[in-house]
Amino acid sequence: QVQLVESGGGLVKPGGSLRLSCAASGFTLSDYYMSWIRQAPGKGLEWISYISTGSSYTNFADSVKGRFTISRDNAKNSLYLQVNSLRAEDTAVYYCARDRRKGIISAFDIWGQGTMVTVSS
Amino acid sequence: DIQMTQSPSTLSASVGDRVTITCRASQSISSWLAWYQQKPGKAPKLLIYDASSLESGVPSRFSGSGSGTDFTLTISSLQPDDFATYYCQQYDTYRTFGQGTKVEI
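Residues numbered from 1 in each chain as written. Chains lettered and ligands numbered in written order. Predicted model: local features only at pLDDT ≥ 70, side-chain atom pairs only at ≥ 80, totals over all residues. Heavy atoms only, no water.

A short note on unusual backbone geometry
All names here are of chain B. Across the junction of Ser7 and Pro8, the peptide omega takes the value -5°, indicating a cis bond. Along the chain, Pro8 falls in the loop between β1 (4-7) and β2 (10-12). For Ala51, which is not glycine, the phi torsion reads 70° and is therefore positive. Mapped onto the elements, Ala51 comes out in the loop between β5 (45-49) and β6 (53-54). (Helix = DSSP H or I, 4+ residues; strand = E, 2+ residues; numbered from the N terminus.)

This is the structure:
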(Lines give C-alpha, C1' and ligand atoms only; values in the text may rest on other atoms or scores of the structure.)
Protein backbone atom coordinates (compact mmCIF):
# COMPACT_ATOMS: atom_id res chain seq x y z
CA GLN A 1 0.00 0.00 0.00
CA VAL A 2 1.44 3.32 -1.06
CA GLN A 3 1.47 5.70 1.88
CA LEU A 4 3.27 8.48 3.69
CA VAL A 5 3.30 8.83 7.46
CA GLU A 6 4.51 12.02 9.16
CA SER A 7 5.77 12.28 12.71
CA GLY A 8 7.69 14.65 14.94
CA GLY A 9 5.18 17.41 15.51
CA GLY A 10 4.34 18.84 18.90
CA LEU A 11 4.22 21.88 21.13
CA VAL A 12 7.32 24.07 21.01
CA LYS A 13 8.18 27.50 22.37
CA PRO A 14 8.90 30.44 20.07
CA GLY A 15 12.47 30.22 18.86
CA GLY A 16 12.52 26.46 19.30
CA SER A 17 13.21 23.67 16.82
CA LEU A 18 11.71 20.41 15.66
CA ARG A 19 12.59 17.72 13.15
CA LEU A 20 9.64 16.41 11.19
CA SER A 21 9.86 13.01 9.52
CA CYS A 22 7.91 11.42 6.69
CA ALA A 23 8.15 7.66 6.23
CA ALA A 24 7.31 6.30 2.81
CA SER A 25 6.08 2.79 2.13
CA GLY A 26 4.80 0.89 -0.88
CA PHE A 27 7.04 2.76 -3.34
CA THR A 28 10.69 3.70 -3.87
CA LEU A 29 11.16 7.18 -2.41
CA SER A 30 14.31 7.82 -4.45
CA ASP A 31 12.26 7.86 -7.68
CA TYR A 32 10.22 10.93 -6.72
CA TYR A 33 10.46 14.60 -5.92
CA MET A 34 8.98 15.27 -2.50
CA SER A 35 7.51 18.34 -0.83
CA TRP A 36 6.30 19.69 2.48
CA ILE A 37 3.06 21.66 2.61
CA ARG A 38 1.47 23.21 5.67
CA GLN A 39 -1.96 24.42 6.66
CA ALA A 40 -2.53 26.82 9.53
CA PRO A 41 -5.73 26.29 11.53
CA GLY A 42 -8.73 27.35 9.45
CA LYS A 43 -6.51 28.53 6.59
CA GLY A 44 -5.51 27.35 3.14
CA LEU A 45 -2.63 25.23 1.91
CA GLU A 46 0.86 26.67 1.74
CA TRP A 47 3.67 24.88 -0.11
CA ILE A 48 6.89 25.37 1.85
CA SER A 49 9.65 23.23 0.35
CA TYR A 50 10.62 20.60 -2.20
CA ILE A 51 13.61 18.34 -2.75
CA SER A 52 14.70 16.55 -5.91
CA THR A 53 15.24 12.82 -6.14
CA GLY A 54 18.95 12.91 -5.39
CA SER A 55 18.79 15.97 -3.11
CA SER A 56 20.58 18.14 -5.67
CA TYR A 57 17.78 20.68 -5.82
CA THR A 58 15.82 22.17 -2.97
CA ASN A 59 13.66 25.23 -2.71
CA PHE A 60 11.74 27.02 -0.02
CA ALA A 61 8.90 29.47 0.29
CA ASP A 62 10.03 32.93 1.33
CA SER A 63 8.14 32.55 4.61
CA VAL A 64 10.50 29.80 5.80
CA LYS A 65 13.71 30.44 3.84
CA GLY A 66 16.76 30.41 6.08
CA ARG A 67 14.88 28.76 8.97
CA PHE A 68 13.77 25.42 7.52
CA THR A 69 15.90 22.69 5.91
CA ILE A 70 14.64 19.78 3.84
CA SER A 71 16.51 16.50 3.45
CA ARG A 72 15.93 12.91 2.53
CA ASP A 73 17.45 9.51 3.22
CA ASN A 74 16.49 7.36 0.28
CA ALA A 75 18.05 4.28 1.88
CA LYS A 76 15.63 4.68 4.78
CA ASN A 77 12.75 5.74 2.52
CA SER A 78 12.39 8.86 4.63
CA LEU A 79 11.97 12.60 4.15
CA TYR A 80 12.75 15.22 6.78
CA LEU A 81 12.03 18.85 7.57
CA GLN A 82 14.21 20.60 10.13
CA VAL A 83 12.30 23.60 11.43
CA ASN A 84 14.27 26.20 13.40
CA SER A 85 13.59 29.62 14.89
CA LEU A 86 9.91 28.80 15.11
CA ARG A 87 7.33 31.57 15.29
CA ALA A 88 3.66 31.59 16.27
CA GLU A 89 2.74 31.88 12.59
CA ASP A 90 4.43 28.52 11.90
CA THR A 91 1.64 26.81 13.84
CA ALA A 92 0.06 24.44 11.33
CA VAL A 93 -0.51 20.91 10.20
CA TYR A 94 2.52 19.86 8.17
CA TYR A 95 2.00 17.44 5.31
CA CYS A 96 4.53 15.62 3.17
CA ALA A 97 3.50 14.83 -0.39
CA ARG A 98 4.81 12.96 -3.42
CA ASP A 99 5.00 14.24 -6.98
CA ARG A 100 3.02 11.85 -9.13
CA ARG A 101 5.58 11.48 -11.95
CA LYS A 102 8.95 9.85 -11.39
CA GLY A 103 11.91 12.20 -11.51
CA ILE A 104 10.12 15.40 -12.41
CA ILE A 105 7.98 18.05 -10.81
CA SER A 106 4.27 17.33 -11.11
CA ALA A 107 1.06 17.31 -9.08
CA PHE A 108 0.94 15.76 -5.61
CA ASP A 109 -0.76 12.37 -5.76
CA ILE A 110 0.11 10.92 -2.36
CA TRP A 111 -0.21 12.87 0.89
CA GLY A 112 0.48 11.93 4.46
CA GLN A 113 -2.06 12.41 7.22
CA GLY A 114 -0.19 15.41 8.60
CA THR A 115 1.60 16.24 11.85
CA MET A 116 0.61 19.21 13.99
CA VAL A 117 3.16 21.80 15.04
CA THR A 118 2.06 24.30 17.68
CA VAL A 119 4.31 27.21 18.54
CA SER A 120 3.32 28.81 21.82
CA SER A 121 4.89 29.96 25.07
CA ASP B 1 6.47 34.49 -7.59
CA ILE B 2 3.38 33.15 -9.35
CA GLN B 3 0.15 34.04 -7.61
CA MET B 4 -2.99 31.91 -7.96
CA THR B 5 -6.42 33.50 -7.51
CA GLN B 6 -9.51 31.34 -7.13
CA SER B 7 -13.11 32.44 -7.40
CA PRO B 8 -15.47 32.33 -5.75
CA SER B 9 -14.19 31.90 -2.20
CA THR B 10 -17.46 30.28 -1.18
CA LEU B 11 -20.10 28.68 -3.35
CA SER B 12 -23.56 27.63 -2.24
CA ALA B 13 -25.06 24.85 -4.32
CA SER B 14 -27.50 21.97 -4.24
CA VAL B 15 -27.21 18.31 -5.10
CA GLY B 16 -27.43 17.91 -8.86
CA ASP B 17 -26.14 21.41 -9.65
CA ARG B 18 -23.42 22.04 -12.19
CA VAL B 19 -20.60 23.81 -10.39
CA THR B 20 -17.69 25.76 -11.86
CA ILE B 21 -14.67 27.09 -9.97
CA THR B 22 -12.13 29.31 -11.65
CA CYS B 23 -8.42 29.79 -11.04
CA ARG B 24 -6.26 32.50 -12.54
CA ALA B 25 -2.46 32.54 -12.56
CA SER B 26 -0.51 35.81 -12.41
CA GLN B 27 1.57 34.62 -15.39
CA SER B 28 1.40 31.80 -17.89
CA ILE B 29 1.82 28.34 -16.39
CA SER B 30 1.09 26.39 -19.58
CA SER B 31 -0.97 23.41 -18.37
CA TRP B 32 0.95 22.83 -15.16
CA LEU B 33 -2.08 23.02 -12.91
CA ALA B 34 -3.71 20.63 -10.46
CA TRP B 35 -6.99 20.62 -8.55
CA TYR B 36 -7.43 19.09 -5.10
CA GLN B 37 -10.41 18.37 -2.86
CA GLN B 38 -10.06 18.65 0.89
CA LYS B 39 -12.53 17.68 3.59
CA PRO B 40 -12.24 18.83 7.22
CA GLY B 41 -9.48 17.10 9.14
CA LYS B 42 -8.25 15.24 6.07
CA ALA B 43 -5.35 15.57 3.67
CA PRO B 44 -6.07 16.98 0.22
CA LYS B 45 -6.93 14.56 -2.57
CA LEU B 46 -5.73 15.01 -6.14
CA LEU B 47 -8.57 15.30 -8.65
CA ILE B 48 -7.07 16.78 -11.82
CA TYR B 49 -3.48 17.16 -13.01
CA ASP B 50 -1.95 18.82 -16.06
CA ALA B 51 -5.06 21.06 -16.13
CA SER B 52 -7.40 18.49 -17.64
CA SER B 53 -6.26 14.93 -16.82
CA LEU B 54 -8.47 13.02 -14.41
CA GLU B 55 -6.60 11.24 -11.63
CA SER B 56 -7.25 7.51 -11.42
CA GLY B 57 -10.28 6.67 -9.30
CA VAL B 58 -11.79 10.15 -9.45
CA PRO B 59 -15.41 10.23 -10.67
CA SER B 60 -15.93 11.44 -14.22
CA ARG B 61 -18.27 14.21 -13.06
CA PHE B 62 -15.08 16.16 -12.28
CA SER B 63 -13.35 17.83 -15.20
CA GLY B 64 -10.73 20.50 -15.71
CA SER B 65 -9.94 22.85 -18.54
CA GLY B 66 -7.77 25.79 -19.45
CA SER B 67 -4.20 26.70 -20.24
CA GLY B 68 -1.94 29.68 -19.89
CA THR B 69 -3.45 31.78 -17.09
CA ASP B 70 -7.13 30.79 -16.87
CA PHE B 71 -8.43 27.46 -15.63
CA THR B 72 -11.69 25.93 -14.50
CA LEU B 73 -12.80 22.96 -12.44
CA THR B 74 -16.30 21.73 -13.25
CA ILE B 75 -18.45 19.30 -11.30
CA SER B 76 -21.16 18.27 -13.74
CA SER B 77 -23.71 17.10 -11.16
CA LEU B 78 -22.89 17.86 -7.53
CA GLN B 79 -23.15 14.88 -5.20
CA PRO B 80 -23.44 14.90 -1.38
CA ASP B 81 -19.82 13.69 -1.10
CA ASP B 82 -18.59 16.71 -3.09
CA PHE B 83 -19.25 19.31 -0.40
CA ALA B 84 -15.68 20.24 0.47
CA THR B 85 -12.99 22.85 -0.17
CA TYR B 86 -11.22 22.86 -3.53
CA TYR B 87 -7.75 24.19 -4.26
CA CYS B 88 -5.90 24.85 -7.47
CA GLN B 89 -2.11 24.59 -7.52
CA GLN B 90 0.50 25.54 -10.10
CA TYR B 91 3.71 23.56 -10.57
CA ASP B 92 5.24 25.52 -13.43
CA THR B 93 7.61 27.46 -11.16
CA TYR B 94 8.02 26.00 -7.72
CA ARG B 95 4.50 25.54 -6.32
CA THR B 96 1.67 27.84 -5.36
CA PHE B 97 -1.83 27.07 -4.14
CA GLY B 98 -4.92 29.14 -4.65
CA GLN B 99 -6.72 30.35 -1.55
CA GLY B 100 -9.45 27.71 -1.83
CA THR B 101 -13.15 27.54 -2.70
CA LYS B 102 -15.56 26.13 -0.16
CA VAL B 103 -18.54 24.38 -1.73
CA GLU B 104 -21.39 24.33 0.75
CA ILE B 105 -25.03 23.42 0.78
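Now that the structure has been shown, we can carry on.
Digging into the side chain of Gln38 of chain B
Following the sequence through the fold, Gln38 of chain B ends up in strand β4 (residues 33-38). A polar atom in the side chain of Gln38 of chain B sits 2.8 Å from the side chain of Gln39 of chain A. Reaching out from Gln38 of chain B, the side chain makes a polar contact with the backbone oxygen of Lys42 of chain B at a distance of 2.9 Å. Those residues within four positions of Gln38 of chain B in sequence are excluded, and the remaining contacts are Gln39, Leu45 and Tyr95 of chain A together with Ala43, Pro44, Ala84, Thr85 and Tyr87 of chain B. (Polar contact = N/O pair within 3.5 Å; in protein donor to acceptor, adjacent residues only side chain to side chain. Contact = heavy atoms within 4.5 Å.)

Brief notes about the sheet that holds strand β7 (residues 62-67) of chain B
All names here are of chain B. Taken in spatial order, the 4 strands line up as β1-β3-β8-β7 in an open sheet, and their pairing is antiparallel. Of all strands in the sheet, those with a lone pairing partner are β1 and β7, marking the two edges. Across the sheet, the mean angle from the axis of one strand to that of its neighbour is 15°, orientation sign disregarded. Both β1 and strand β3 (residues 19-25) contribute to a ladder of 4 bridges, which runs antiparallel. Directly across from Thr5, in β3, lies its bridge partner Arg24. (Pairing = 2+ DSSP bridges. Axes fitted to C-alpha atoms, helices over the stretch in contact; angles between N-to-C directions.)

Some thoughts on the state of the cysteines
Residues and elements named next belong to chain A. Summed over all chains, the structure comprises 2 disulfides over all chains. With a sulfur-sulfur separation of 2.0 Å, Cys22 is cross-linked through a disulfide to Cys96. Across the S-S bond linking Cys22 and Cys96, the dihedral sits near 70°, which makes this disulfide right-handed. Of the two residues, Cys22 sits in strand β3 (residues 18-25) while Cys96 sits in strand β9 (residues 92-99), which places them 74 residues apart along the sequence. The class for Cys22 is buried, based on a relative accessible area of 1%. Taking relative accessible area as the criterion, Cys96 reaches 0% and is therefore assigned buried. (Disulfide = S-S within 2.5 Å. Buried < 20%, exposed > 50% of the residue type's maximum accessible area, 1.4 Å probe, protein only.)

A few points about the nonpolar core
Grouped burial of nonpolar side chains is what soluble globular proteins tend to show. One finds Leu4, Trp36, Phe68, Leu79, Leu81 and Tyr94 of chain A to be the most contacted residues of the largest nonpolar core, which totals 27 residues. Elements that contribute at least two residues to this core include exactly β3, β4 (34-39), β5 (45-51), β7 (68-73), β8 (78-83), β9 and β11 (115-119) of chain A. Here this core gets 4 residues from one element, more than from any other, and that element is β3 of chain A. Formed by 25 residues, the second largest nonpolar core is a distinct cluster that contains Trp35, Ala51, Phe62 and Phe83 of chain B. (Core = buried A, V, L, I, M, F, W, Y, C linked by side-chain atoms within 4.5 Å.)

Overview of the sheet that holds β3 of chain A
All names here are of chain A. Sheet architecture is open: 4 strands sit in the order β1-β3-β8-β7, paired in antiparallel fashion. The open sheet terminates on both sides in strands that have one partner only, identified here as β1 (3-7) and β7. Neighbouring strand axes in the sheet, compared pairwise and without regard to direction, differ in orientation by 15° on average. Relative to β8, β7 runs antiparallel, the two being bridged by 6 bridges. Each bridged residue has a counterpart across the sheet, and for Phe68 the counterpart in β8 is Val83.

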